[in-house]
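These are the residues of each chain, in order.
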Amino acid sequence: MTIDFEARPRAEYRDNFMWTPADTVMPEMYVTQRNRLSITYKTGWLRWHGSAQEIHVWTAPGQFSKVCGVNFFELYAEPKITKYISARIGRQALSAKPRA
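Being a predicted model, the structure only gives us computed values, none of them experimental.

Here is what the cut-offs are and how they apply
Residues numbered from 1 in each chain as written. Predicted model: local features only at pLDDT ≥ 70, side-chain atom pairs only at ≥ 80, totals over all residues. Heavy atoms only, no water. Pairing = 2+ DSSP bridges. Helix = DSSP H or I, 4+ residues; strand = E, 2+ residues; numbered from the N terminus. Phe/Tyr/Trp six-rings, centres within 6.5 Å; stacked < 30°, edge-to-face > 60°. Lys NZ or Arg CZ within 6 Å of the ring centre and 35° of its normal. Contact = heavy atoms within 4.5 Å. pLDDT = per-residue confidence, 0-100. Salt bridge = Lys/Arg side-chain N within 4 Å of Asp/Glu carboxyl O. Buried < 20%, exposed > 50% of the residue type's maximum accessible area, 1.4 Å probe, protein only.

### What to know about the pairing of strand S3 (residues 46-58)
No. 1: Relative to S3, strand S2 (residues 28-42) runs antiparallel, the two sharing twelve bridges. Looking at S3, one finds that Arg34 is bridged to Ile55.
No. 2: Counting the residues between successive antiparallel strands, the hairpin from S2 to S3 contains three residues.

### Comments concerning the packing of aromatic side chains
No. 1: In total, this model carries zero aromatic pairs according to the counting rule given.
No. 2: A cation over an aromatic ring shows up here: Arg36 above the ring of Phe73, its NZ or CZ 3.6 Å from the ring centre.

### Quick look at the side chain of Arg36
No. 1: Mapping Arg36 onto the fold places it in strand S2.
No. 2: Not counting chain neighbours up to four residues away, the residues in contact with Arg36 comprise Asp4, Phe5, Glu6, Ser51, Ala52, Gln53 and Phe73.

### Observations concerning the environment of Pro79
No. 1: In this fold, Pro79 is placed in strand S4 (residues 66-79).
No. 2: As a C-alpha pair, Pro79 and Lys42 span 37 residues in sequence and 9.8 Å in three-dimensional space.

### Thoughts on the confidence of the model for the protein
No. 1: Scored by pLDDT, the protein has a mean of 82; 77% of the residues are at 70 or more.
No. 2: No element of the protein has a lower mean pLDDT than S4, which averages 86, and none a higher one than strand S5 (residues 89-91), which averages 92.

### Observations concerning the pattern of salt bridges
No. 1: Tallied over the entire structure, the rule returns five salt bridges.
No. 2: Across the pair Arg8 and Glu6 runs a salt bridge whose closest N-O atoms are separated by 2.5 Å.
No. 3: Its relative accessible area of 26% is what places Glu6 among the partly exposed residues.
No. 4: The salt bridge involving Glu78 is made with Arg47; its shortest N-O contact spans 3.3 Å.

### Remarks on the pairing of S2
No. 1: Strand direction decides the pairing type here: strand S1 (residues 2-14) and S2, joined by 13 bridges, are antiparallel. Residue pairing across strands places Arg8 opposite Arg34, the latter belonging to S2.

Pasting the structure below:
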């Protein structure tokens, strides 16, 4: 069994460059933080993986953060069909591995 925790803070500034000066949209700065807890369990023929995530947003100085969402980033089972073939069933992240 493997348990992993990941925290990813990110700051963003938006100045709404596509809006005309007459619009009332003001530039804003906000910070988000994504926390993920992943658990992977392996047996001889099955691999189970679950990764829950929680997202916090801070928008104004002096305000506490608010939770904008709690969901599963990944949740899947991967049974082995043969020694070299397996099938992943469930919600999973799409990723591309760079070529060597």
